[in-house]
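Structure at a glance
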Amino acid sequence: MASTTESQAPETPSKNRMSLTTQITIALVAGAVVGSLLNSVAGIGWVNDHIIEGILSLVADGFVRLLQMLVVPLVVFSLITGVAGIGDIKLLGRVGGKAFALYVGTTALAITTAILLALVIGPGKGFDMSGVDTSGMEGAANDETFWETLASIIPGNPIAAFAEGDMLQIIFYVIIVGIAALMLGERSAGFLKACEYMNELMMKVVTIVMMFAPIGVFALLTRAFAREGYDLFVPLASYVVTLVGALFFHLFVTILVLFWLFTRLSPTMFLRKMRAVQLFAFSTASSNATIPVTMRAVNQRMGVDRGVASFTVPFGATINMDGTAIMQGVATVFIANVYGIDLGLGGYLTVIGMAVLASIGTAGVPGVGLIMLTMVLNQVGLPVEGIAIIIGVDRLMDMIRTAVNVTGDAMVSTAVAKSEGEMDTDIFNDPTAGEFDISDVDLDDLDDDGVPDAEERAGAQRARS
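The structure reproduced in this document is the subject of the present report. (Residues numbered from 1 in each chain as written. Predicted model: local features only at pLDDT ≥ 70, side-chain atom pairs only at ≥ 80, totals over all residues. Heavy atoms only, no water.)

In this section: the overall build of the chain. Secondary structure summary: the chain contains 19 helices and 0 strands in total. Looking at the chain as a whole, 51% of its 465 residues qualify as buried. Intrachain contacts of the chain at a sequence separation of at least 6 include 84% that bridge at least 24 residues. Approximately 20100 Å² of the chain is accessible, and the part contributed by carbon and sulfur atoms is 62%. (Helix = DSSP H or I, 4+ residues; strand = E, 2+ residues; numbered from the N terminus. Buried < 20%, exposed > 50% of the residue type's maximum accessible area, 1.4 Å probe, protein only. Contact = heavy atoms within 4.5 Å. Areas by Shrake-Rupley, 256 points an atom, 1.4 Å probe, with all protein chains shown as cover.)

Here the focus is the nonpolar core. Core analysis: the biggest nonpolar cluster contains 136 residues, and Tyr 239 and Phe 270 have the highest contact counts within it. Residues contacting Phe 270, with those up to four places away along its chain left out, are Ile 255, Leu 256, Phe 259, Met 302, Thr 407, Ala 410, Met 411, Thr 414 and Phe 428. (Core = buried A, V, L, I, M, F, W, Y, C linked by side-chain atoms within 4.5 Å.)

Attention now goes to the packing of helix 4 (residues 89–121) against helix 10 (residues 237–263). With their axes 10 Å apart at the nearest point, helix 4 and helix 10 run at an angle of 140° to one another. Regarding the angle of helix 4 to helix 10, the classification is oblique. Read as a crossing pair, helix 4 and helix 10 show a hand that is right-handed. Between helix 4 and helix 10, the residues in contact are Leu 102, Thr 106, Leu 109, Ala 110, Thr 113, Ala 114, Leu 117, Ala 118 and Ile 121 and Thr 242, Gly 245, Ala 246, Phe 249, His 250, Thr 254, Leu 258 and Phe 262, respectively. Split into classes, the residues belonging to the contact of helix 4 with helix 10 amount to 11 nonpolar, 6 polar and no charged. (Axes fitted to C-alpha atoms, helices over the stretch in contact; angles between N-to-C directions. Parallel < 35°, antiparallel > 145°, perpendicular 65-115°, else oblique. Left-handed = near helix turned anticlockwise from the far one by under 90°. Nonpolar A, V, L, I, M, F, W, Y, C, P; charged D, E, K, R; others polar.)

Glancing now at the side chain of Asn 299. Among the secondary structure elements, Asn 299 is positioned in helix 12 (residues 291–301). Excluding residues within four positions of it along the chain, Asn 299 makes contact with Val 304, Asp 305 and Arg 306.

Using the criterion set out here, one finds 5 salt bridges in the structure. Taking the shortest distance from any N to any O, the salt bridge between Arg 94 and Glu 420 comes out at 2.9 Å. One end of the pair, Arg 94, is in helix 4; the other, Glu 420, is in the loop between helix 17 (387–419) and helix 18 (425–429), and 326 residues separate them in sequence. Of the charged contacts, one joins Arg 401 and Asp 398 as a salt bridge, the two residues approaching to 3.3 Å between their closest N and O atoms. Taken together, the positions of Arg 401 and Asp 398, both in helix 17 and 3 residues apart, correspond to about one turn of that helix. Looking at Asp 398, the relative accessible area reads 5%, which means it is buried. What you see here is one network of salt bridges that share partners, running through Arg 94, Lys 98 and Glu 420. (Salt bridge = Lys/Arg side-chain N within 4 Å of Asp/Glu carboxyl O.)

In this section: helix 14 (residues 322–339). Since there are 3.6 residues in each turn of an α-helix, residues three or four apart along the chain are aligned in direction. Taking 1.5 Å as the rise per residue, helix 14 with 18 residues should run 26 Å; its terminal C-alpha atoms sit 26 Å apart, in good agreement. Burial of helix 14 is extensive: 16 of the 18 residues sit out of reach of the surface. Where helix 14 terminates, the next one or two residues include Gly 340, which has phi positive at roughly 70°. (Expected span 1.5 Å × (residues − 1).)

Let us look at the side chain of Ser 283. Residue placement: Ser 283 occurs in helix 11 (residues 267–284). Given a relative accessible area of 0%, Ser 283 falls into the buried group. Not counting chain neighbours up to four residues away, the residues in contact with Ser 283 comprise Leu 28, Val 217, Leu 220, Leu 221, Arg 395 and Met 399.

Together, Phe 248, Phe 249, Phe 252, Val 253, Val 257, Trp 260, Leu 261 and Phe 262 make up a nonpolar patch on the protein surface, roughly 730 Å² of accessible area in all. Position of Trp 260 among the secondary structure elements: in helix 10. Here Trp 260 falls in the partly exposed class, since its relative accessible area comes to 39%. (Patch = residues over 30% accessible without salt bridge, like charges linked within 9 Å, V, L, I, M, F, W, Y side chains within 5 Å.)

Attention now moves to the packing of aromatic side chains. For the coordinates displayed, the defined rule picks out 9 aromatic pairs. A ring pair is formed by Tyr 239 and Phe 334, whose centres lie 5.2 Å apart and whose planes are at 50°; its orientation type is tilted. Of this pair, Tyr 239 sits in helix 10 while Phe 334 sits in helix 14, and the two are 95 residues apart along the sequence. With a relative accessible area of 0%, Phe 334 lands in the buried category. Measuring from centroid to centroid gives 5.8 Å for Phe 248 and Phe 252, while their planes differ by 80°, and the two rings are edge-to-face. Of this pair, Phe 248 and Phe 252 both sit in helix 10, 4 residues apart, which is roughly one turn of that helix. Counting every residue linked through ring pairs, the aromatic cluster contains Phe 100, Tyr 103, Phe 311 and Phe 315. Lying over the aromatic face of Phe 428, Lys 273 brings its terminal NZ or CZ to 5.7 Å of the ring centre. (Phe/Tyr/Trp six-rings, centres within 6.5 Å; stacked < 30°, edge-to-face > 60°. Lys NZ or Arg CZ within 6 Å of the ring centre and 35° of its normal.)

All right, on to the environment of Glu 196 then. For Glu 196, the position within the fold is in helix 8 (residues 189–210). With relative accessibility at 42%, the residue Glu 196 sits in the partly exposed group. Residues Glu 196 and Ser 78, 118 residues apart in the sequence, show an inter-C-alpha distance of 7.6 Å.

Moving on, we come to helix 12. For helix 12, the buried fraction is high: 11 of the 11 residues fall into the buried class. Listing the buried residues of helix 12 in full gives Ile 291, Pro 292, Val 293, Thr 294, Met 295, Arg 296, Ala 297, Val 298, Asn 299, Gln 300 and Arg 301. Gly 303 lies just past helix 12 and shows a positive phi near 85°.

On to unusual backbone geometry. In the Ramachandran plot, Arg 264 falls in the positive-phi region, its phi being about 60° despite a non-glycine side chain. Considering the arrangement of structural elements, one finds Arg 264 in the loop between helix 10 and helix 11. Taking relative accessible area as the criterion, Arg 264 reaches 53% and is therefore assigned exposed.

This part is about the environment of Val 120. As for its placement among the helices and strands, Val 120 is situated in helix 4. Residue class for Val 120 comes out exposed when judged on its relative accessible area of 69%. Taking the C-alpha atoms as reference points, Val 120 and Thr 242, 122 residues apart in sequence, are found 9.7 Å from one another.

Note that all results are geometric; they support no functional claim without further evidence.
Pasting the structure below:
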């Protein structure tokens, strides 16, 4: 009896410990400050070679690789488990159709808003081209047609798709496998049980990797600011201000309004539960690398059914490019103004259509927005060399737009789940649901689902009350 009483005694987390969100926030601020200081002395050889490109790059690249190693196996096993968990192929079709429509719709809305704002502000007018090296940009365009892009979604060689990390091909193939497993019925029981175990195993690996998140975020931000500094922003102030303004408008107005319209839940609570994911996406500048964190937040923090989250989050990381579409809209207006070219209504409508189509099948990795931008510029007849003007600030802008992208992924996931009755609103409305302090996590205290026992005890206690 004594042992039972002891096991029921809840462990009270230390009030002096900081949450993961707080630790990441501190790491971001510290990284920006330290990076700016290092930028001022980057001309010293040993500082650049051994600190910025040495130690910081080792930690930053190592952390990103830790995240990247999780993506493919996590998506594969969670998606198969998710398809099996949905159980109904018709329901899967509805979830997929709704998610696709919302992702494409928000991307079109994002770039339309960006173009309108850029036309009002007029970034790029009177820009001084002297000192801008545009050599080597002429061949940067991707000439793949829309129909070729659609056809490339189907993997000719699934093994190659897995090896190369082609997320849309992987998702397509795994969904087919999941549907086939459902059609085989009871004979798939062993296979699905093994996938469930592997999914739980990968979630435990996510928990372990997240313990190093503040260190990785600090290294990423310090290196970024040490390399770029703030000087690059001065000549591009109008472009940066317009782009950041459009991104923030989409994040804090468009996405939150859509979230409320589709779910009738608190946008403030949604933002609160997305903070850690947004900070994480900002530091990595990669929607794909953030998939494990986004999936955990959507499922455990917001109450979205794991089957739905396992489908919508990886799907969104692949085709939802709201932030990138906004960059393309602002950059197109900026480059058109720099070269004194009037695109007209038809040209901007073409930009909107191209940005939406280009978002389908484009990898959620750092820097991909510039590749997409070359396609748009070619289509409307703007000089591809204009990319050289904005390439210096693109890395830091990429970090902001990635945070917007993952917020859109979570919004669509919750909207789809709510419409299908696959969302636990009690979890969403609980400010502490799914939150734990990584500094309190003992690896021996993690059970089979990769969640700290203390967190489950607290959840059970809330359920009983």
